Amino acid sequence: MTQTQTKTWDVAVVGAGMAGMAASLFAAERGLSCIQIGNGGGLLFASGLLDLLAVHPVAARRVWDNPFEALAMIRRDQPDHPLARVDDASMRAAFQSFTSALGDAGMPFAPLGDRNASVLTSLGTPKPTYGVPRTMAAGVDALAGRPPCLLLDFRGLREFSARQIVATIGDTWPGLRMARVEFPGAEATSELYAAHMAVALESGEFRERTLARVRPLLGDARVVGFPAVLGLARSAVVHAAFEEGLGVPVFEIPTMPTSVPGLRLNAALEQAVVTRGVHRMLRVDVASTSFDETAVLTLDGVPGGQRVSARTVVLATGRFSGRGLSAGQQGVTETLLGLPVQQPASRDAWHSRDFLDPAGHAINRAGLATDDDFRPLDATGRPAWPGLYAVGSILAGQDWMREKCGSGLALGTARVAVDRIARQLRAPSGVGEAG
Amino acid sequence: MSASFLRMAFLVSLGLCALGLLWRVSAWLRVRIGSDARDIRFHQRLFAAVGGTFAALFSRRIFGLVKAKVLDVLLQRRLFNGCWLRWLGHLLIVYGFLLLLVMHALGRLVTAKLYPDYASTHDPWLLLRNVFGAAVVLGIVMVAAGRRFRPTSTPRPRRLGDKVFAALLAVVLVSGFLLEATKVASPKAFYRMANEYIGSTDPEELLPLRLAWATDFGVAFPDLQGTPDPDKLAEGRELHHDACASCHSPPGSSAFVSYPISRALAPIAEPLDGVDADTWLLYLHLAACFLGLILLPFTRFIHVLADPVSLLANGAASSGPLSPAGRANRRALAIDACVDCRLCDDRCSVAPIARSLGNPALLPSHKLLATHAVATNPRWLDRQAGHARRIAEGAVLCTTCGRCTDRCPVGIDLADLWVAGRADLARAGQPSPAQWVRERSALDWDEALAARGAVQDPIGPLSSNRETYSACVQCQTCTNVCPVVAHGGEEPGPVDLTPQKVMNLLRLGMVDLAIGSSMVWDCATCYQCQEHCPEGIRVTDVMLELRELGYRRLGDTRERRQPE
């Protein structure tokens, strides 16, 4: 039985990570019909924090307080950096609509401004970031003002140690104390899992039993930090109940991936795009593609196969772990369409001799070269297909991990690409008119 | 045969039938299926039955029930939704017999009271008897054809009572038609009647009447061949009009079944008369009727009585959950209410698995018998020789999806029966694999398997392919989203391994340790792990495969350790 999707979509987004989600969300908000195809799951590694841009240049490890100043510097220093093609207004709009959609879906964020926030990580180190979930916001103020603060952890939760945080940052934060409590009902269990605790804390009974164990430990603390386990789908409710129950501000500290905030982000984004009418096909692979007047993607993993026809395609397949790029003996290849990958001339040049080279490695900046509209280029240097766009970490010329610009890259490039798509589809001529 | 003997035989048969019915109906309150039925006393079940009946009868739902009764029982609505051929056939059989019973068998009691000029050999009665009889025959043909053309036709063992009863019905039908045909052609019957109503048995004196009867009624007088004298014939017809016509219609058109048979018998009418064939056929006909009456409660035709009760219980259940006693009654009733229509088999979700395993014990119609047998006789399973495990598979593989219940034309709650029957199977020595795996820890199973030595049975395609789990980065996402592990936080150690540890065991090649782990067997197959895995590993599919492997490997090991 072969199903043929007769509908021609305005946009087909390939990829379900941060960039694919952002592109789908923005396309839906613009009223474009959008289908999202992908394998999903990559978002679970997210921390819940949304980095815009914090470090530039990476070799100097300069940390910026104002991400937009860093953006301006990138535009000046590296015109081929994908972020150099994202203007401030698009970047602000992207973060604004992204966080407000997340808020609608039950994961509210602290108000966004011009400044990066400094967030305490589970290693005890400060991390610069831009978008902070509301459940973590009080931690930003606490880290800045360093009032008397109690950090709690739970016996059996292996990925989070309050003792380690105090050991790391306690020297410069005299009022910082830690305490370990038993998670209610888990007294006989040796191992705890954050997501299970988060779900348990959504029940009032578990909350009360936990709070009853924490209250006697409060002492002079004017703010209390927990590992990020305060609720899964209803984290706003759980967080509010903890603040009310303890009488002081409460903040979550992001845990190692895969973390509860990652699960929240994944669920909230799913809800956000689905409620805005995005059609999603997950756990499928694109088996083959053809580009003519419209793009036709033939899917694998659907019984009998299925064809998706779209006027434009957004490639948001990620890098190596997302399997958008593949590294082999002969070099790096783009897995879906075989697009040319901008990369070091030989494998020898992939990595610096120094593993911890502050400038990073050349391979980290490999990826797809695009025009100013984020349309990937073919071997002749022209857009491979007029309606094909590439966004997110697959793009060449960036090092998002060192530059701390993962979400900025995903959201900013998705925003600009979707704006161009909307303009292109409105234009009297151009791709997709025959569809 | 004297009328008093007939009446006595009838009354005795009726009495035995009533006793049999009482026995069978009391089983609806006696048979215990399921662990929750074990502690319920007889009187509690009696109260529940009476209470449930009253509740159903005096509730506002009674209209719905009556409607359901009309549609389901009288018109066999749900059977119609299944296969129109069998529906029509079934209706023809049921109503053909019912009408034969009322109009013909109870002719003197019923028909003669309503129509004082009733005579079984006069139209419309003669015609109707043939119509009803033919309807039954046609119905049997249609039901057989419907069965024949059904795609999934797996023979189910029949009970002795059913076989005998079906044979008796055939005897009743065939002897009835033969009796009528024999009497039509019989000169002896003619002389008997002539003696009674005209007072003569002289062939010459009766010649005109004989001519009329040979011509118009097909009596096979051996001496009357050739074209009759028209005057004599007219005279005979006049005599017939005065003496016989009030009771006799010409059978040529009315008795459209038996008259053609009588033509075939005509050449041997005299020898038949010589051995009193009509009398013997009558004895046979009546004996088969009486025996059938006695046997009736012990056949599946008990469903005629059980179906309305089942539908009543169905109605009571739809207005709110039944009491434990009510549920026990409903389960006990199921076996009798079953009409063996096999629509449940057609609809069964695991029917494709039954076909691929070649194990019909998975199908609802087979399971109904097994469930009842296991519950009523603990030794029954042992007597099934090597089939016990296959029968138990029926309980294991059932998904309790409830499609069989939805389809059942007589409203049996089959899904409830399957769940309840599992406890009885466990008591009879065939618990579900998830239960018997717990008899030992994963480590003990591993040791037992190692002691058995190398086994050359294939591991599943997923587990044996390293690429399935080589991408695992041990990120614990699967464990984090696993509701079974989450539930395990409540008590000490119900889950020995977490999903990502199972993946790791596979990576280490320790399949035998993995298949005995409670994680594999407690897995709710909710697919959360597989849906969330960032590496796209088919965690749940692997769990299912390991279960299948465990069922084979550990099951064999277990059976070797249990010599009984």
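Residues numbered from 1 in each chain as written. Chains lettered and ligands numbered in written order. Predicted model: local features only at pLDDT ≥ 70, side-chain atom pairs only at ≥ 80, totals over all residues.

**Some remarks on the overall build of chain B**
- A tally of regular secondary structure across chain B gives 33 helices and zero strands.
- For chain B, the residues scored as buried account for 40% of the 564 residues in total. (Helix = DSSP H or I, 4+ residues; strand = E, 2+ residues; numbered from the N terminus. Buried ≥ 20, exposed ≤ 12 C-beta atoms within 10 Å, placed from the backbone.)

**Side note on the interface of chain B and chain A**
- Tallying the contact residues gives 15 residues for chain B and 16 residues for chain A.
- Among the elements of the structure, helix H27 (477–481) and helix H28 (483–488) of chain B are those that each provide at least two residues to the side of chain B that touches chain A.
- Looking at the side of chain B that touches chain A, its residues break down into seven nonpolar, seven polar and one charged. (Contact = placed C-beta atoms within 7 Å. Nonpolar A, V, L, I, M, F, W, Y, C, P; charged D, E, K, R; others polar.)

**Some words on the pairing of strand S13 (residues 325–328) of chain A**
Residues and elements named next belong to chain A.
- Bridge count for S13 against strand S14 (residues 331–334) is four bridges, and the pairing is antiparallel. Along S14, the bridge assignment pairs serine 326 with threonine 333.
- Between the antiparallel neighbours S13 and S14 lie two residues. (Pairing = 2+ DSSP bridges.)

**Considering the pairing of strand S8 (residues 250–253) of chain A**
Residue and element names in this part refer to chain A.
- Here S8 shows no split at all, with Val250 and Glu252 on one side and Phe251 and Ile253 on the other all buried.
- Of the strand pairs in this sheet, strand S7 (residues 223–227) and S8 are connected by four bridges, and their pairing is parallel. For glycine 225, the partnering residue across the bridge sits in S8 and is phenylalanine 251.

**Describing the sheet that holds strand S6 (residues 176–181) of chain A**
Residues and elements named next belong to chain A.
- Across the sheet, which stays open at both edges, the four strands sit in the order S6-S5-S7-S8 with parallel pairing between neighbours. What marks the edges here is a single partner per strand, and that holds for S6 and S8. For this sheet, the mean inter-axis angle between neighbouring strands, taken without regard to orientation, is 25°.
- The sheet strands contacting helix H4 (residues 134–145) are strand S5 (149–154), S7 and S8, and the helix crosses S8 at an angle near 95°. (Axes fitted to C-alpha atoms, helices over the stretch in contact; angles between N-to-C directions.)

**Some remarks on the nonpolar core**
- By size, the foremost hydrophobic cluster in this structure holds 157 residues, and its most contacted members are A:Ala12, A:Ala22, A:Ala23, A:Val314 and A:Ala414.
- If one sorts the elements of this core by residue count, helix H1 (residues 18–29) of chain A sits on top with nine residues.
- Here A:Ala22 is in contact with A:Ala94, A:Phe98, A:Ala410, A:Leu411 and A:Ala414, once residues within four sequence places are set aside.
- Counting residues in each nonpolar core, the second largest holds 98 residues, with B:Val31, B:Ala185, B:Leu343 and B:Ile412 among its members. (Core = buried A, V, L, I, M, F, W, Y, C linked by C-beta atoms within 7 Å.)

**Examining the environment of B:Asp512**
Residue and element names in this part refer to chain B.
- Along the chain, the position of aspartate 512 falls in helix H30 (residues 511–514).
- Judged by the 22 C-beta atoms lying within 10 Å of it, aspartate 512 is buried.
- Along the sequence, aspartate 512 and leucine 554 sit 42 residues apart, while their C-alpha atoms lie 9.1 Å from each other.

**So, the packing of helix H2 (residues 42–58) of chain B against helix H17 (residues 324–337) of chain B**
Residue and element names in this part refer to chain B.
- Taken N-terminus to C-terminus, the directions of H2 and H17 make an angle of 85°; their axes are 8 Å apart at the nearest point. Between H2 and H17, the angle is such that the two are roughly perpendicular. Contact residues: Gln44, Arg45, Ala48, Ala49 and Gly52 in H2; Ala325, Gly326, Ala328 and Asn329 in H17.
- Looking at the contact of H2 with H17, its residues break down into four nonpolar, four polar and one charged. (Parallel < 35°, antiparallel > 145°, perpendicular 65-115°, else oblique.)

**Concerning unusual backbone geometry**
- Here the amide bond leading from A:His56 into A:Pro57 is cis, since omega sits at -10°, within 30 degrees of zero.
- Within the secondary structure, A:Pro57 is located in the loop between strand S2 (34–38) and helix H2 (67–77).
- With an omega of 5°, the peptide bond between B:Asp123 and B:Pro124 qualifies as cis.
- Positioned with a positive phi, A:Phe374 is a non-glycine residue whose angle comes to about 65°.
- Assignment of secondary structure puts A:Phe374 in the loop between S14 and strand S15 (388–390).
- Given 27 C-beta atoms within 10 Å, A:Phe374 falls into the buried group.
- For B:Tyr527, which is not a glycine, the phi torsion comes out positive at approximately 70°.

**Some words on the confidence of the model for chain A**
- Averaged over all residues, the pLDDT of chain A equals 92, while 96% of them reach at least 70.
- Segment residues 430–435 of chain A: pLDDT under 50, and 18 contacts once partners within four positions in sequence are set aside and those in other chains are kept. (pLDDT = per-residue confidence, 0-100.)

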